[in-house]
Structures are given as structure tokens and as C-alpha cells.
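Residue-level structure breakdown
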Amino acid sequence: GNGPSGICLSYLLSGYTPYFKRQSLHPHPILQRKLEEAPEVSVLDQDLEYLSEGLEGRSHSPVALLFDTLQRPDTDFGGTAESVLTWWHEPDRAIPHLVLGRNAPGGAWHSIEGSMVTLSRGEWMGLPDLPFKEWLKQKKRGLRNNRATAEDIAQYYQHYVVKKGLQKNFRCGTVVTSVRKVSAESISNHTQKDLQEDSDSIWSSNEKGAEVFQVDGFFKTVEGDKELFSIYAENVVLATGTYDNPTWLGVKGENLSYVHHQLSALEEAVKNNSVGIMTDPVLIVGAGLTAADAILFAHHCNIPVIHVFRRRVTDPGLIFNQLPKTMYPEYHKVHQMMKEQTAACAGPYEHYISLPEHHVLSFGKDKKCIFQDKNGCQKAYKISMALVLTGSNPNLSFLPNNGTDLALDSEQPVNPKRNPIDVDPFTYECTQEKGLYALGPLAGDNFVRFVQGGALAVASSLLKKANQNPP
């Protein structure tokens, strides 16, 4: 994967090394004291568990909190203190690696409607040693409400790879179809065919001796052909994010052509004039930020909306109840609409009806959709199109058993929020499979700001493996 996690890890594996900047003062006195103990030793070579002990913040990962507070010491309190890290390029410490991705560097940020504004503050989207704000300034642009557009971020990530000289490690237009363990011996003897059938574990061959990962896949060439490849690696890092498979409701008629699972379908429909102020309403299912983005977009285009979601409007688990109003005025507006504009009572907003605590029973061929409320009472509405925006799941089809064996609960599919991959919190190595690492949403880190600590943990672990006598 070549999103922010993959880019940040490539930077750390390319010999870019963070040290504590002497004379700098961190607002956390205990951390400051620990950093002063060995300023000549890179953070990558220090004991991350020791450094991150006692830190608190908006992530469950101690290493994520550590790397974040080193780069943005008081950002949660609205401060703008400078990073306490200084970066040195030490090419002799680089670890050879490849970053494989389907699209340009930046991952899913290239698939998001370009004008969408990010949930996080702009400066939280930045990668090490190239502040996002400074890059925007060079473009003669400022941050609206302290937040950035998806297009800005996608461009920044591409620029970062070029500016830091990382292009040689990136292979774009790549699809990985399989990752599995094989014995190193079998590669030199070219006896892989014998291994494929009779392995006693779904991961590895039953030959003893050193094992490596075999990564198979294909490149998409400029002419549109597929060129197959096989790579052998001692370590593999999974950083493929969670944007691949939109969640389905699993109801009758969901596969009909007017039912969609991506926001881009609404943008297309508006471009083609197939929905508008005079058409039947668009149905939006879900109560997360993507559903809110769809409502804002429809509202902006005067398209009538029916909004269906399972939770109560006051449910504390609802993302809108966790966002400060001043920083997110547009999401606050959607929440307001959800509260005030139910089918039972008309409110001030035209062309919008909210149906809290409802769920979809079926989609009909005649574009009639049937809902049910919490009391079992059913309603039918005629709609022009439906957008089911209830989250997405990672696509790990290239792993044995879809990667389920690696999850915290190995009976259930991997899910970033409910069932992430089980990793060691200080190395991000999979507990079930040594040499395999997981980063970002797959390991439960869902914000760009916090995926970077995982990259620090992986880089630190790989450097310790490569160099058995660290300083």
C-alpha cells in the first residue's frame, strides 16, 4: 500500500533518522527528561516502550502518541510548538525496500472527491519534516477553517515522495494477488510447484529451515497489459488501508442498478442530470461522515434527500456528537437537520427528511424502497437512487484465508474499528506471523496523524533486525 503509512515508512527506511533536537523543550516534563538521557542516540534506536510510557491522547497506540507528540508537542491544546525532532539523512542506515501501490502515492486520497474538506486539521495530515502548511503556502493557498481539501492532500503526498527522493522505492500500478511463506531453500532449488499443495499450515510450507515471503502480483503497463511478478522478501508490511470494499446491508434488491455504495455515484448522477430538484428523492443510508458529505453535496445541488440510519440522533457513539461545533460547522448543520427534520415534523430545511432508528428492508425493481422503524412499523418511499454509505472493509484477498487468522478475533473478518490485525504495540509485527507487519487502519490506527507512529515502530523493529548490535 502506498498511502500515508507506506510513504512515512519508506521515508524512515531510506536512512532519514530522527534525533532529539538539543536545546528544545518538550511541554511534557517526564518525556523531556527521557529525551535528554541519550540525545546522541536516534529515536529509532531507543526503547519506544520506555519513551511512550505515561503518554495520553486521542489514540490507543502508545507509539502513535509518542511520534505525534514529538512532531506536534502541544497541538491538542491549540498550540503551535515546533517539533522537538531534527532529521539527519544517514544513507548507510537505509534498508532496501519496495512500496507497491495500485495508484499514485497517496493511496485512497486519490479516490476521494477532490473538493471534500478533511475531518482533521490540515497540519495533522502532514508527514515528517515537511509541514503541510508550508507546502500550502508555497502554493499561495491558506487553510480554510484550519482544514484542507482531499485534492490538496493527494498532491502533497505525491510531492512528498519526489521531494524526499523516495520515487525509486515506489512501484505504482501494481496489484498484489498473493502473499505466503515459502522455504528459502525451495527458491534456490526452483521446487515451488511441489510446495503449493502439501503444506501443513495455510501460511507456510512444511519444509524446515529459513523461510521468506513470496509476493505475487502484476503491473499494469502503459499499453494496458498485465505483467506478472514474484518478489521474495524477509519482511512484508501490510499498509493497504480500508477503502477497498464498501459495506453492504445484505438486503433484497441491493444489487439493482440504482443502488450504489460510493459517494462518487451521486456526483456522476448530478453531472448527467439524472437527479435534480424535480426528481424523486435520493436515499442516503448511514450516519457517518461519508453519509454527511453526501447530504451536504445533495443539499448544495438542491436534490431532495431521504436519510435513513439505525441510531438515535442523541446516541453518544454518533460521530457528530464527538465533533466540536466551531471546527466542523458543516457537519454540525447535518446533525441539526437529522434532529429537526424527521418525517413526523417538518423543519426549516427544504428537500430533506430524516428517519432515525430505521433500517432498509428491501429495494424494489420499481425503485420503491421499504423501511422499518424500531416498533416494526413499515414505510415505502419512491426514490431515484440509493447510496448505502455505512463504512468499508479492507480487501485482504491476497492473504491466506483473507487474513482472518491474523485478527484479534480469528473467527471474524478483519475490520479496522471492531477487529483489527493483532500486532505487538511496540513493533507492529503480527502476533500470529513473524516477519509480517500491519500499519494504519488494518492495525486500528485510523487517522493520518496517528499512522506515523506505527511506521516508526516498524522501522525501529526492522533496523534492530538488520543490525544485531544497535547503539
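Before any of the text, the structure's been laid out above.
Note that the structure is a prediction, hence the values are computed from the model and not measured.

1. Quick word on the overall build of the protein chain
Helices and strands together make up the secondary structure of the protein chain, namely twelve helices and 21 strands. Taking the intrachain contacts of the protein chain between residues at least 6 apart in sequence as the baseline, contacts between residues at least 24 apart amount to 66%.

2. A few points about the sheet that holds strand β15 (residues 352-355)
A sheet is described by the order of its strands in space; here five strands give the open sequence β12-β19-β13-β14-β15, paired in parallel fashion. Edge strands, defined here as strands with exactly one partner in the open sheet, are β12 (259-260) and β15. By the bridge criterion, four bridges tie strand β13 (residues 282-285) to strand β19 (residues 385-388) in an arrangement that is parallel. Looking across to β19, one finds that Val285 is bridged to Val388. Docked against the sheet, helix α9 (residues 264-271) engages β12, β13 and β19, running at close to 155 degrees with respect to β19.

3. Describing the nonpolar core
In terms of nonpolar packing, the biggest core is built from 74 residues, with Leu238 and Ile421 touching the most fellow members. With nine residues, the single largest contributor to this core is helix α12 (residues 448-466). Every residue in contact with Leu238, bar those within four places of it in the chain, is listed here: Phe398, Leu399, Leu406, Ile421, Leu436, Tyr437, Ala438, Leu439 and Leu442. Ranked by size, the runner-up nonpolar core spans 30 residues in total, among them Val305, Phe309, Met337 and Met338.

4. Describing the environment of Ile383
The topology assignment puts Ile383 in the loop between β18 (378-382) and β19. In this structure, the C-alpha to C-alpha distance between Ile383 and Tyr258, residues 125 residues apart in sequence, is 9.3 Å. Residue contacts for Ile383: discarding those within four places in its chain leaves Tyr258, Asp280, Pro281, Leu283, Ile306, Lys367 and Cys369.

5. Focus on the pattern of salt bridges
Throughout the structure, instances matching the rule amount to eleven salt bridges. For Arg93, the salt bridge is made with Asp45, and the minimal N-O distance between the two is 2.9 Å. Residue Arg93 is located in the loop between β2 (85-89) and β3 (99-100), and its partner Asp45 is located in the loop between α2 (29-37) and α3 (48-52); the two are separated by 48 residues in the primary sequence. Residue Asp45 is classed as buried on the basis of its relative accessible area of 13%. Taking the shortest distance from any N to any O, the salt bridge between Lys382 and Asp280 comes out at 3.8 Å.

What counts and what doesn't
Residues numbered from 1 in each chain as written. Predicted model: local features only at pLDDT ≥ 70, side-chain atom pairs only at ≥ 80, totals over all residues. Heavy atoms only, no water. Helix = DSSP H or I, 4+ residues; strand = E, 2+ residues; numbered from the N terminus. Contact = heavy atoms within 4.5 Å. Pairing = 2+ DSSP bridges. Axes fitted to C-alpha atoms, helices over the stretch in contact; angles between N-to-C directions. Core = buried A, V, L, I, M, F, W, Y, C linked by side-chain atoms within 4.5 Å. Buried < 20%, exposed > 50% of the residue type's maximum accessible area, 1.4 Å probe, protein only. Salt bridge = Lys/Arg side-chain N within 4 Å of Asp/Glu carboxyl O.

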